[in-house]
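# Examination of the molecular architecture
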2 protein chains.
Amino acid sequence: MNCICSQKDFKDALIAASKALPAKAQTPILSGILITAKNNEIEIQATDFSLGIIAKIPAEIENEGAVVVNGKYITEIISKLAGDIVTISTEEGSNLVNFKSEAATFSLYLMDAEDFPKVNRQEFNHSFFIRNNVLKKLIVRSTFASSTDDSRPVFQGCSVTIENNTISFVATNTHRLVVAKAEIEDNIPGENKFIVPAKTLNDLLSIINSTQNDNGVKVEFSDKHIAFTVNNIFITCRLIDGQFPPHEKVIPASCETFAEVDISEFRAAINRVEIISKQTEYNTVHLSFSNEGLELSSDSYETGKVVEHINAAVEGADVEIAFNLKYIQDFLKIFGGNDEVRIGMNDKLSPADFRLTDEEDFIYIVTPVRT
Amino acid sequence: MNCICSQKDFKDALIAASKALPAKAQTPILSGILITAKNNEIEIQATDFSLGIIAKIPAEIENEGAVVVNGKYITEIISKLAGDIVTISTEEGSNLVNFKSEAATFSLYLMDAEDFPKVNRQEFNHSFFIRNNVLKKLIVRSTFASSTDDSRPVFQGCSVTIENNTISFVATNTHRLVVAKAEIEDNIPGENKFIVPAKTLNDLLSIINSTQNDNGVKVEFSDKHIAFTVNNIFITCRLIDGQFPPHEKVIPASCETFAEVDISEFRAAINRVEIISKQTEYNTVHLSFSNEGLELSSDSYETGKVVEHINAAVEGADVEIAFNLKYIQDFLKIFGGNDEVRIGMNDKLSPADFRLTDEEDFIYIVTPVRT
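A quick note: this is a predicted structure, and the numbers were derived from the prediction, not measured.

Conventions and cut-offs
Residues numbered from 1 in each chain as written. Chains lettered and ligands numbered in written order. Predicted model: local features only at pLDDT ≥ 70, side-chain atom pairs only at ≥ 80, totals over all residues. Heavy atoms only, no water. Helix = DSSP H or I, 4+ residues; strand = E, 2+ residues; numbered from the N terminus. Buried < 20%, exposed > 50% of the residue type's maximum accessible area, 1.4 Å probe, protein only. Contact = heavy atoms within 4.5 Å. Areas by Shrake-Rupley, 256 points an atom, 1.4 Å probe, with all protein chains shown as cover. Lys, Arg positive; Asp, Glu negative; His and termini not counted. Charge placed at Lys NZ, Arg CZ, Asp CG, Glu CD. Buried area = accessible area lost by both parts, 1.4 Å probe. Salt bridge = Lys/Arg side-chain N within 4 Å of Asp/Glu carboxyl O. Polar contact = N/O pair within 3.5 Å; in protein donor to acceptor, adjacent residues only side chain to side chain. Pairing = 2+ DSSP bridges. Least-squares fit on C-alpha atoms with pLDDT ≥ 70 in both. Axes fitted to C-alpha atoms, helices over the stretch in contact; angles between N-to-C directions. Phe/Tyr/Trp six-rings, centres within 6.5 Å; stacked < 30°, edge-to-face > 60°. Lys NZ or Arg CZ within 6 Å of the ring centre and 35° of its normal. Core = buried A, V, L, I, M, F, W, Y, C linked by side-chain atoms within 4.5 Å. Disulfide = S-S within 2.5 Å.

## Remarks on the overall build of chain A
Secondary structure assignment for chain A yields 6 helices and 24 strands. Overall size of chain A, expressed as C-alpha extent along the three principal axes, is 80 × 50 × 35 Å. A total of 371 residues make up chain A; the buried ones form 52% of that total. In chain A, the share of contacts with a sequence separation of at least 24, taken over all contacts with a separation of at least 6, comes to 68%. In the form shown here, chain A has an accessible surface area of approximately 17200 Å², with 44% of it arising from carbon and sulfur atoms. In chain A, 34 positive and 53 negative side-chain charges are present, and the distance between their average locations comes to 3 Å.

## Points about the interface of chain A and chain B
Listed by partner, the interface residues are 31 residues for chain A and 31 residues for chain B. Each partner contributes to the roughly 2700 Å² buried at the junction of chain A and chain B, and carbon and sulfur atoms together form 59% of this total. Between Lys278 of chain A and Glu76 of chain B there is a salt bridge, with its nearest N and O atoms 2.7 Å apart. Where chain A touches chain B, the interface holds 16 residue pairs in polar contact (both at pLDDT 80 or more). Those elements that place two or more of their residues in the side of chain A that touches chain B are helix H2 (71–80), strand S9 (104–109), helix H5 (263–277) and strand S19 (304–310) of chain A.

## Section: the side chain of Ser277 of chain A
All names here are of chain A. Residue placement: Ser277 occurs in helix H5. Taking the relative accessible area as the measure of exposure, Ser277 reaches 0% and is therefore buried. If we ignore the near neighbours within four places in the chain, the residues touching Ser277 are Asn283, Thr284, Ser298 and Leu325.

## A short note on the pairing of strand S8 (residues 96–101) of chain A
Residue and element names in this part refer to chain A. Of all 6 residues making up S8, 5 are buried, and the element is well covered by its neighbours. Here strand S7 (residues 85–90) runs beside S8; their pairing, made up of 4 bridges, is antiparallel. The residue bridging Ser89 from the neighbouring strand is Asn98, located in S8. Counting the residues in the hairpin turn of S7 and S8 gives 5 residues, including Gly93, whose phi is positive at 85°. Both S8 and S9 contribute to a ladder of 6 bridges, which runs antiparallel. Of the residues in S9, the one forming a bridge with Lys100 is Thr105.

## Re the relation of the copies chain A and chain B
Rotating chain A by 180° about the axis while translating it 0.0 Å along that axis superimposes it on chain B, leaving an RMSD of 0.0 Å. Expressed as a symmetry operation, the mapping of one chain copy onto the other fits a two-fold axis. Closest approach to the rotation axis within chain A is made by the C-alpha atom of Ala23 of chain A, at a distance of 16 Å. Looking at chain A, 100% of its interface residues are interface residues in chain B too, so the copies touch through the same face.

## A short note on the environment of Ile343 of chain A
Residues and elements named next belong to chain A. Mapped onto the elements, Ile343 comes out in strand S22 (residues 340–345). Judged by its relative accessible area of 0%, Ile343 falls in the buried class. In the structure, Ile343 is positioned 12 residues away from Arg355 in sequence and 6.5 Å away in space, judged by C-alpha atoms. Non-local contacts of Ile343, meaning those with residues more than four positions away in its chain, are made with Thr257, Phe258, Ala259, Val261, Phe266, Phe289, Ala352, Asp353 and Phe354.

## Quick notes on the pairing of strand S19 (residues 304–310) of chain B
Residues and elements named next belong to chain B. Side-chain alternation along S19 places Gly304, Val306, Glu308 and Ile310 on a buried face and Lys305, Val307 and His309 on a face that remains uncovered. In the sheet, strand S18 (residues 293–300) pairs with S19 via 7 bridges, with the strands oriented antiparallel. Counterpart to Ser297 in the pairing with S19 is Val307. The hairpin turn running from S18 into S19, its antiparallel successor, is 3 residues long.

## Examining helix H2 (residues 71–80) of chain B
Taken residue by residue, H2 of chain B has Gly71, Tyr73, Ile74, Thr75, Ile77 and Ile78 of chain B as its buried positions. Between a side-chain oxygen at the N-terminus of H2 of chain B and the backbone nitrogen of Lys72 of chain B the separation is 3.0 Å; the capping residue is Asn70 of chain B.

## A closer look at the sheet that holds strand S16 (residues 257–262) of chain A
Residue and element names in this part refer to chain A. Strand order in the open sheet formed by 7 strands is S11-S12-S24-S23-S22-S16-S20, and the pairing between neighbours is antiparallel. Lying at the two open borders of the sheet, with one neighbouring strand each, are strand S11 (157–172) and strand S20 (313–315). The mean inter-strand angle of the sheet, taken between neighbouring strand axes irrespective of direction, is 20°. As judged from the 6 bridges shared by S16 and S22, these two strands associate in the antiparallel manner. Pairing of Asp262 across the sheet is with Glu340, part of S22. Helix-sheet contacts for helix H6 (residues 325–333) involve strand S12 (176–197), S22, strand S23 (352–356) and strand S24 (362–366), and the interaxial angle to S24 is about 170°.

## Things to note about the packing of aromatic side chains
Across all of its chains, the model carries 26 aromatic pairs over all chains by this definition. Where Phe323 of chain B meets Phe354 of chain B, the ring centres are 5.9 Å apart and the plane angle is 65°; that geometry is what we call edge-to-face. Linking Phe323 of chain B in strand S21 (residues 319–324) with Phe354 of chain B in strand S23 (residues 352–356), this pair joins segments that are 31 residues apart in sequence. Ring pairing ties together the aromatic residues Phe144, Phe323, Phe331, Phe335, Phe354, Phe362 and Tyr364 of chain A, which thus form one cluster. Taking the ring centre of Phe258 of chain A as reference, the NZ or CZ of Arg342 of chain A above it sits at 4.1 Å.

## Some words on the sheet that holds strand S6 (residues 65–70) of chain B
All names here are of chain B. Pairing in this open sheet of 8 strands is antiparallel, and the strands run S6-S2-S3-S4-S15-S14-S13-S10 from one edge to the other. Each of the sheet's edge strands pairs with one partner strand only, and the pair in question is S6 and strand S10 (126–130). Recorded for the sheet is a direction-independent mean angle of 15° between the axes of neighbouring strands. Bridging between strand S4 (residues 51–58) and strand S15 (residues 233–238) involves 5 bridges; their strand directions are antiparallel.

## Re the nonpolar core
Grouped together as the largest cluster of nonpolar side chains are 206 residues, with contacts concentrated most on Phe10 and Phe266 of chain A together with Phe10, Phe99 and Phe266 of chain B. Those residues in contact with Phe99 of chain B that lie beyond four places of it in its chain are Phe10, Ile35, Val69, Ile74, Ile78, Val86, Thr87, Ile88, Ala104, Thr105, Phe106 and Leu108 of chain B.

## Observations concerning the state of the cysteines
Residue and element names in this part refer to chain A. Within the structure shown, the criterion is met by 0 disulfides over all chains. Of all cysteine sulfurs in the structure, the one in Cys158 sits closest to Cys237, which takes part in no disulfide; the separation is 11 Å. For Cys237, a relative accessible area of 2% corresponds to the buried category.

Structure representation (structure tokens):
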């Protein structure tokens, strides 16, 4: 193997592919990245069996070949190289592969390329395109609400539904639930429903964020797998088996009280209240809505207490309700500038409904804390 | 107690004082900060017994008083307040003190002010002024070389010597040693020698870094204590008992080989070599000096190896020598831009001598790794 490529292209491809490296490799080969030089391209692959990423970059190939090296080290090495160009070479009889840039040469021990579990490029039944920004919005607005609890894998994913040209992402940890919707340009026949790991969606998000131009993301799926193609990067993963319980029932049919609050003001107050609430057993913030606005408070028997008033336009009966502060903070974090939230409530025991005042495509339901 | 002060002043004073809060308070009161309102000033104190910090800020005092509250929380609270002004008040019969800014009121439980171990303002025998920038330079160039080993407290400090108008800081962990010198404007009679904890010097450094104007630092010392006054902030600590072994013997009397290397180029290469060296048992970098320049290399039986050439003007015999890479990196970190290092060496077993080519005030001696 002997080839030349751009240091920047190689670095970006390695950073993307290394997202598929397992945190703890169950077998040594899974800590490796497969680098294949062929047909004027270098292809970089990593996988943890459930997630696989392939990135391709242009290269000048003198001798074709394939090597597997430790993924963490090669990514660190290529990121720190000073030159614009990297030369990759192996020597007959040597168990090392050389990466040379300017006056520095790194030689890494080879892992057995035969053992590497190549990323499966199966056939998919369906495919569509989605704009980078639309997909980013769906991911940012949904994955935060998913669960991190290993015992119920289904809630570690987002339930994606595609019907005609509408796509929706639903995520929940059973205490809060989010529904984010968007339109796509293609029209997909039938109702398509599957659960994508939230981790894969967040990996995809950071790959989309690192691309310069919005060329759209190609999404392909079948019964057991999904794949995303962003420019030169292909990401595929197994779908999560199982089903989400129907979420429509969780959304309140009607609300007695509505309050409109400026999101920036709400977020700043919540971030202050957190100093006290995080000392409490359930990270509890008390919200009191009345015609005087919104009073936030928290009380820790160890530290002390906090009370803050902010503006809120409240219609309907006064409500006193308490939440896990983190669930409110997570939602306020993802919106910016001039956004306003409309909160629908019934009483202190019933789930509250958070929406944007000027958008239909986002619903966030949070179960209160009983106090 | 009832008083008003600037949020920014109060925040800066709390951030400075909280550097004296112990990481783990041995008694609860040591996690507290004493806030005293008196004579149009608020005085903020914290101490871990060995280090004490007092910061004063102007205030409008309606009722004088003193409170002790948890130092960590009050610093976090005041830092997050939105308003420009903070009102501090206590109420008769209440065990809370209120901090109010705009629409937010925090009430923290009081700790017993009587129990607070006030910072001792003893008499000092000597005092002098030093420019902020001169003191910063001495601290940055010395503390990094001190030891973190609790079993030999003397090496956790910098040995400071003041003779006439010369001040020198010496620090060592017994494997490497640094001598940094500067001139002061005052002339101090006799030879004065004491050991200041490196941690205190680094706390002082961050306080100096956060001040806007260079009004100079007042330094006062006696047999057992030292104090620094930076604008409105007073920092005092116990000196470390004991003596440094004479360091002059460690500095090579003559060198067979000298090499001049650009520091930026050296640092970039060292940071690359680190990827491999950190996999080795002693974080070893091999340096080979010859008339072809400097070759850096490292070899890990697990990962692989690296070789890099950089420019170096070498006079005298060729030298091959190995170091703990961290000791080289620590020194290269503190210099910037156009600095050049002149390295004096004898053989692979003798300490090497690192100096700046255009300055007399810095000497860094590193013992090689035996390979």
